[in-house]
Amino acid sequence: MTRSFLDLAAGPVKQLAPYVPGKPLSELEREYGIRDSIKLASNENPLGPGAKARAAIANAINDLGLYPDGNGFELKQALARRHGCTMDRITLGNGSNDLLVLLAEAFLTPEVEAVYSQYCFAIYPIAVQATGATGRAAPAYPESHAMAHGMSLGHDLDAMRKLVNDNTRLVFVANPNNPTGTWVDTDALKQFIASLPSTTLAVVDEAYIEYAVNGSNTDASKWIDEFPNLVVTRTFSKAYGLAGLRVGYALSSAEVANVLNRVRQPFNVNSLALVAATAALDDHEHLQKTAQLNAKGMKQVLAGLKELNVRVYPSACNFVLVDCKRPAVEINEALLRQGVIVRPVHGYGLATHLRITIGTEQENARMLSALKHALTPLAP
Ligand code: PMP
């Protein structure tokens, strides 16, 4: 009897559902036969790379015949300067996603556990499950939870802590979190990390930290000296505008970095990504422009959504979570037909919610008008 390759796959892999990314523009245009569509589905920077990164990329083209610097010396040096740490505390990744997976590969086995929050970034449960470890999702703050006590749908650190035991190797905290946009209080996060067993690594994912506004701007990277079990991940995919190049990094103790380097592919960050990220790190002007555009766009989108009888969650990111109060898959389909790609998040258990990235002023206006149209019941 022939068996399918799915049957032959490693036990935990058989149970995995693949991550569903935002629809690429080219796919929408191919499938729907339309043009001039816009994508507000993957929290990318509408400005793309800044001038310094673009120049660095152009300069590096001639070296593409060579393998990249597998140790990423220059980028690590620049990051070490930025974070005031030694280079041996930095691990580079093919996007920060790579680092999340490396952490799972390096520290999880079927005998141990990992903890994350309900509605957390979808890669955490996938990375955990792939190793056969037991993943435990702590209930998020319920919808009814007032802002004063915490954020609806956000990480409830007390609930997460209750799931941690001596067998827990990893705890994932996205601050702020995707897809909810929620964040945790600085002191609460610090106390949470301090309360963990010394054998549990706290992974604080700061993919959106550059968009943070007052109250949501916790920078856990400052604590890596204090907590040997803390790992902070960052990315160049969001505010730095380099999502297509794939580069991120982790800050940790030198010991944890050493472990991650054992499972890392030797050339996991490509040469263009290395030079572009090094240049982008110093492009304060571009970062500032990005943050300003996002703040202005967020205002525009929030004002527009207010008119539409939807529920909008507070966000410290470059996207908003919107409860359309109707099956979001249908609303999404109506948006796609108008050439607007956003992200339905039913995969997270949020069946009536859409996650919408803040774009340029024109993109936001087009999205708002398409959403209004999609939410308007058809005339009988
Ligand atoms: N963490 C969070 C919270 C994210 O939203 C994302 C991207 N969607 C990532 C990590 C991974 O991003 P990248 O691999 O591009 O760095």
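Here the structure is a predicted model, which is why all the values come from computation and not from measurement.

### Details of the overall build of the protein
Of the regular secondary structure elements, the protein holds 14 helices and 13 strands. In terms of overall dimensions, the protein is globule-like: its C-alpha atoms have a radius of gyration of 21 Å, near the 21 Å expected for 380 residues. Taking the principal axes of the C-alpha coordinates as reference, the protein spans close to 65 × 60 × 50 Å. Within the protein, counting contacts between residues at least 6 apart in sequence, those at least 24 apart form 72% of the total.

### Things to note about the sheet that holds strand 9 (residues 311-312)
With antiparallel pairing, the four strands of this open sheet are ordered in space as 9-10-13-12. Two strands in the sheet have a free side with no partner beyond their single neighbour: strand 9 and strand 12 (343-344). With two bridges joining them, strand 9 and strand 10 (residues 319-323) adopt antiparallel strand pairing. Across the sheet, Val312 pairs through a bridge with Val322, a residue of strand 10. Set on the sheet, helix 13 (residues 328-337) makes contact with strand 12 and strand 13 (353-357); between it and strand 13 the angle comes to about 40°.

### Let's talk about the packing of aromatic side chains
Counting across every chain of the model gives seven aromatic pairs. When the ring of Phe121 is compared with that of Tyr124, the centres are 5.7 Å apart and the planes differ by 85°; the resulting orientation is edge-to-face. For Tyr124, a relative accessible area of 0% puts it in the buried group. Note on Phe236 and Tyr249: the rings are 5.9 Å apart at their centroids and 45° apart in plane angle, and the pair reads as tilted. Within this pair, whereas Phe236 is found in the loop between strand 7 (230-235) and strand 8 (248-251), its partner Tyr249 is found in strand 8, the two being separated by 13 residues in sequence.

### So, the pattern of salt bridges
Note that side chains of opposite charge can pair when their charged atoms are close. Per the stated rule, a full pass over the model turns up nine salt bridges. Note that Lys190 and Glu226 form a salt bridge whose closest N and O atoms lie 3.4 Å from each other. With a gap of 36 residues between them, Lys190 in helix 9 (residues 186-195) and Glu226 in the loop between strand 6 (201-205) and strand 7 connect regions that are remote in the sequence. By relative accessible area, which is 28% here, Lys190 ends up partly exposed. A salt bridge links Arg337 to Glu333; the shortest N-O distance between them is 3.9 Å. With Arg337 and Glu333 both in helix 13 and four residues apart, the pair spans about one turn of that helix. Overall, the relative accessible area of 53% leaves Arg337 in the exposed class.

### So, the state of the cysteines
One pass over the full model with this rule turns up zero disulfides. For the unlinked cysteine Cys120, the closest cysteine sulfur is that of Cys317, found at 14 Å.

### Quick word on helix 14 (residues 361-375)
The first and last C-alpha atoms of helix 14 sit 21 Å apart over 15 residues, in line with the 21 Å expected at 1.5 Å per residue. Within the span of helix 14, buried status applies to Asn364, Met367, Leu368, Ala370, Leu371, Ala374 and Leu375. As for helix 14, its buried residues are in contact with strand 1 (38-39), helix 12 (284-306), helix 13, strand 11 (340-341) and strand 13.

Cut-offs and rules
Residues numbered from 1 in each chain as written. Predicted model: local features only at pLDDT ≥ 70, side-chain atom pairs only at ≥ 80, totals over all residues. Heavy atoms only, no water. Helix = DSSP H or I, 4+ residues; strand = E, 2+ residues; numbered from the N terminus. Rg over C-alpha atoms; globule rule 2.2 N^0.38 Å. Contact = heavy atoms within 4.5 Å. Pairing = 2+ DSSP bridges. Axes fitted to C-alpha atoms, helices over the stretch in contact; angles between N-to-C directions. Phe/Tyr/Trp six-rings, centres within 6.5 Å; stacked < 30°, edge-to-face > 60°. Buried < 20%, exposed > 50% of the residue type's maximum accessible area, 1.4 Å probe, protein only. Salt bridge = Lys/Arg side-chain N within 4 Å of Asp/Glu carboxyl O. Disulfide = S-S within 2.5 Å. Expected span 1.5 Å × (residues − 1).

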